[in-house]
Amino acid sequence: MSIRFAALPQSQDDADDRTTSSSSDSEEYAEEDNNFEDWISDQEQLQQCRSLFDDKTFNTAAEALTYDKSTHGFDLDAASKQWKLDLHRRIRLINYIRKHKLTPSDVGNLTGSESFFTSDDYLIPVIEDDPLLRKLSSQLDFDGDWSDDDEAGPSAECASAPPSDLPSALKRIQILEKKISQAQSNLSDYRRLITQNIDISSIADIINDPGPSTSEALRDDDTHYFLSYEYNDIHAVMIQDKVRTASYASFILTNPILFRDAIVLDVGCGTGVLSLFAAKSGAKHVYAIEASGIAEKAQKIVYENGLQNVITVIRGKVEEISLPDGVDHVDIIISEWMGYALLYESMLDSVLHARDRFLRPNGGVMAPSQCRMMLALCEGNEIVKDRVDFWNDVYGFDLSEMAQSIYKDAIIDVVSPESVVSEPYLLKDLHLQTITSRQLEFTSPFSLTSTSPMRTKIHALVLYFDTFFTTTGEHLSSDVPVRLIRDGDVTLAEVWPIAGKPPPKRRASIGPGLKEREDKRVISFSTGPTSQPTHWMQTIFLLKDPILAEEGTVVSGTFYCKKSEVNSRELDVEIHHSVSKGADAPASEVIVQMYKVH
């Protein structure tokens, strides 16, 4: 099996771009190199070296490499010689393994010709002062790097035995001088490339910059995020999403026993609409937490609706606020925390923090209680037409360059039910009662089987999520179906005017058995293509290489999801997939494509 990286940019072999250092360069660095080697020797004794494949650390790089060879079956030196890797390619290999957390089997599928071997992005160390990279820079073994037979590197026997005559000694000196020259050249090139990528002058400017004055506001991920929620439009979009708002309202208003006399925490309350529902359902008190400026309007809304004795709006981050004296725990936490692809915005981290701080340990309820991330095959013809092909001819001009980046970013849009050509696959099941923040970065295998009755091109994978509410917080098994909502369904009509008519009034039910009926009731909604569209739409991952499929074609692989290192509220997604004609048929090469959700 081989691996091909679909989204990584191609570049020319760095050997074509590299020039040999002049003798003056060697002289200039000669004394400095001695100091550099002394520094390396000292540093190797100070910094622990981490394994390439797990978190174990060792006193030296040699010990780490020996461990990887014996435990994981990967011999870095042997692989480098097999693939004929020079210094720069070895450095790129180490940084690539560390950055993408490859397994030994992933590395075993490499051929040495992948595009990352020539990408300067992987010359930047993943681990600062990585002992493995220092070992390469200072002690790289060049055996096997010589191409001319008469200048072949000394064998083990020759290397250990002294020369027996003057010609042999002179030849040995000549070979060793060439090695030293090559090592100095490689080190000089590596320094130059690192300097170019890191831009030392810019770092110096930053160090010398006195920084912003105290009157300037510092911008960070959170500040920008909360500022975006101060405007009316975003709240109008969410409230007018009938599937979203009616599902929350249905859960809160049709479970009076759960909410009656309960202490409720609304995390990220926005306008406070969920708090209003909870108060209407009989909550004893609702604490509405909001970090953005919309909290001031929420406070006024509470007063205008005469609920100031039931709802308390607290402005601040839930990680930083305190509840009033005497309130140690709450009975219910309600929150509409979901983002695009479910986890975009990373608000769930705050909700889980609130759960761990405030939710009653025994019997406390999270609403929603469970979410499922689903993945499916999608023809995506309309998306390609609108987002890619459009640029090929714009008023007679070729603007196709604009479409190149489309494959790097996830697309948020609505796809038609007819374009989905597989049953969905459950990627991640999030049980809000027990899941931890660490588990929100995950790796999941998947397998999707085409249901298309005819040969078709699959241009995308589509991701969406299903959401569930229960009064007990129990974990629902995967065979419990989600409710697919259509416009005019009873779920909407219960709390939302349909065709201008007010919602039907229901007589309060207080008879025996009501608690049992509430405990069995499950409220759910889907953001998938077969349900009424929501403001979350679907998350579409366009494939750079479309898949030619027919009924029974299997697309299988691995889905990686983690927070972006650039902005913690964005997501980095990496999808590895291969194709086979059936469950038992051999699979094609593995194709890797990376995306940003932002």
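Residues numbered from 1 in each chain as written. Predicted model: local features only at pLDDT ≥ 70, side-chain atom pairs only at ≥ 80, totals over all residues. Heavy atoms only, no water.

## Here's the deal with the overall build of the protein chain
Threshold: Elements are defined by DSSP. Helices are runs of H or I of four residues or more, strands are runs of E of two residues or more, and each kind is numbered from the N terminus. Between two residues, a contact is recorded if the distance between any of their heavy atoms is within 4.5 Å. Accessibility throughout is a Shrake-Rupley quantity obtained with a 1.4 Å probe, and a residue counts as covered only by protein chains that appear here.
Helix and strand counts for the protein chain stand at 20 helices and 18 strands. Sequence-distant contacts, at least 24 apart, represent 75% of the contacts inside the protein chain between residues at least 6 apart. Element-wise, carbon and sulfur atoms account for 51% of the exposed surface of the protein chain, whose accessible area totals about 31,000 Å².

## Structural notes on empty space enclosed by the protein
Threshold: Here a cavity is any set of points on a 1 Å grid over the protein atoms alone where a 1.4 Å probe fits but cannot get out, and a pocket is any open set with protein on both sides within 12 Å along at least 5 of 7 lines; a residue lines the site when it has an atom within 4 Å of a point. Grid points are joined across faces, edges and corners, and a volume is the space filled by probe spheres set on the points.
Taken as a whole and assessed by the stated rule, the structure comprises 5 cavities of 30 Å³ or more. Leu-343, Ser-346, Leu-348, Asp-349, Leu-440, Glu-441, Lys-562, Lys-563 and Leu-571 are the residues that line the largest cavity. Secondary-structure elements contributing two or more residues to the lining of the largest cavity are helix H17 (347-358) and strand E16 (554-563).

## Topic: the confidence of the model for the protein chain
In low-pLDDT regions, the fine details of the predicted coordinates are not to be read closely. Operational definition: A score from 0 to 100, pLDDT tells how confident the predictor is in each residue.
Considering every residue of the protein chain, the mean pLDDT works out to 83; 76% of them sit at 70 or more. Overall, residues 140-160 carries pLDDT values under 50, and its contacts beyond four positions in sequence, including any with other chains, amount to 26 contacts. For residues 213-219, every residue scores under 50 in pLDDT, and the model assigns this stretch 3 contacts once sequence neighbours within four places are set aside.

## Things to note about the nonpolar core
The condition is simple: Buried Ala, Val, Leu, Ile, Met, Phe, Trp, Tyr and Cys residues that are joined via side-chain atoms within 4.5 Å together make up what is termed a nonpolar core. Partly exposed residues are those whose accessible area sits between 20% and 50% of the maximum for their type, while under 20% is buried and over 50% is exposed, using a 1.4 Å probe and protein chains only.
Counting residues in each nonpolar core, the largest one holds 89 residues, and the members touching the most others are Leu-265 and Phe-559. The element best represented in this core is H17, accounting for 6 residues. Beyond its immediate stretch of four places on either side in the chain, Leu-265 contacts Tyr-287, Ile-289, Leu-323, Val-330, Ile-332, Ile-333, Ile-334, Ala-354 and Phe-358. If you look at the next biggest cluster of nonpolar residues, it comprises 29 residues, including Leu-76, Trp-83, Leu-132 and Leu-136.

## Observations regarding a nonpolar patch on the surface
Formally: Grouping into patches uses exposed residues only, defined as over 30% relative accessible area, and leaves out salt-bridged ones; the cut-off is 9 Å for like charges and 5 Å for nonpolar side chains (Val, Leu, Ile, Met, Phe, Trp, Tyr). In what follows, salt bridge is the name for a side-chain nitrogen of Lys or Arg lying within 4 Å of a carboxyl oxygen of Asp or Glu.
A contiguous nonpolar surface patch, about 310 Å² in accessible area, is contributed by Leu-166, Leu-170 and Ile-173. Positionally, Leu-170 belongs in helix H9 (residues 166-198).

## Some remarks on the pairing of strand E17 (residues 571-580)
Filter applied, for reference: DSSP bridges decide pairing: two strands pair if at least two such bridges lie between them.
In terms of burial, E17 is a largely internal element, 10 of the 10 residues being buried. With burial as the criterion, each face of E17 is covered, one bearing Leu-571, Val-573, Ile-575, His-577 and Val-579 and the other bearing Asp-572, Glu-574, His-576, Ser-578 and Ser-580. Note that E16 and E17 share 10 bridges and pair antiparallel. When the sheet's bridge partners are listed, Phe-559 is paired in E17 with Ile-575. Pairing geometry for E17 and strand E18 (residues 590-597), over 7 bridges, is antiparallel. Looking at the pairing, Val-573 lines up with Tyr-595 of E18.

## Quick look at the pattern of salt bridges
Scanning all chains against the criterion turns up 13 salt bridges. Put simply, Asp-77 and Arg-90 hold a salt bridge, and the shortest N to O gap is 4.0 Å. Residue Asp-77 is found in helix H4 (residues 76-82), and its partner Arg-90 is found in helix H5 (residues 87-100); the two are separated by 13 residues along the sequence. With a relative accessible area of 38%, Asp-77 lands in the partly exposed category. With a closest N to O distance of 3.1 Å, Asp-120 and Arg-92 form a salt bridge. Here the residue Asp-120 occupies a position in the loop between helix H6 (104-108) and helix H7 (131-139), and Arg-92 occupies one in helix H5, the gap between them amounting to 28 residues.

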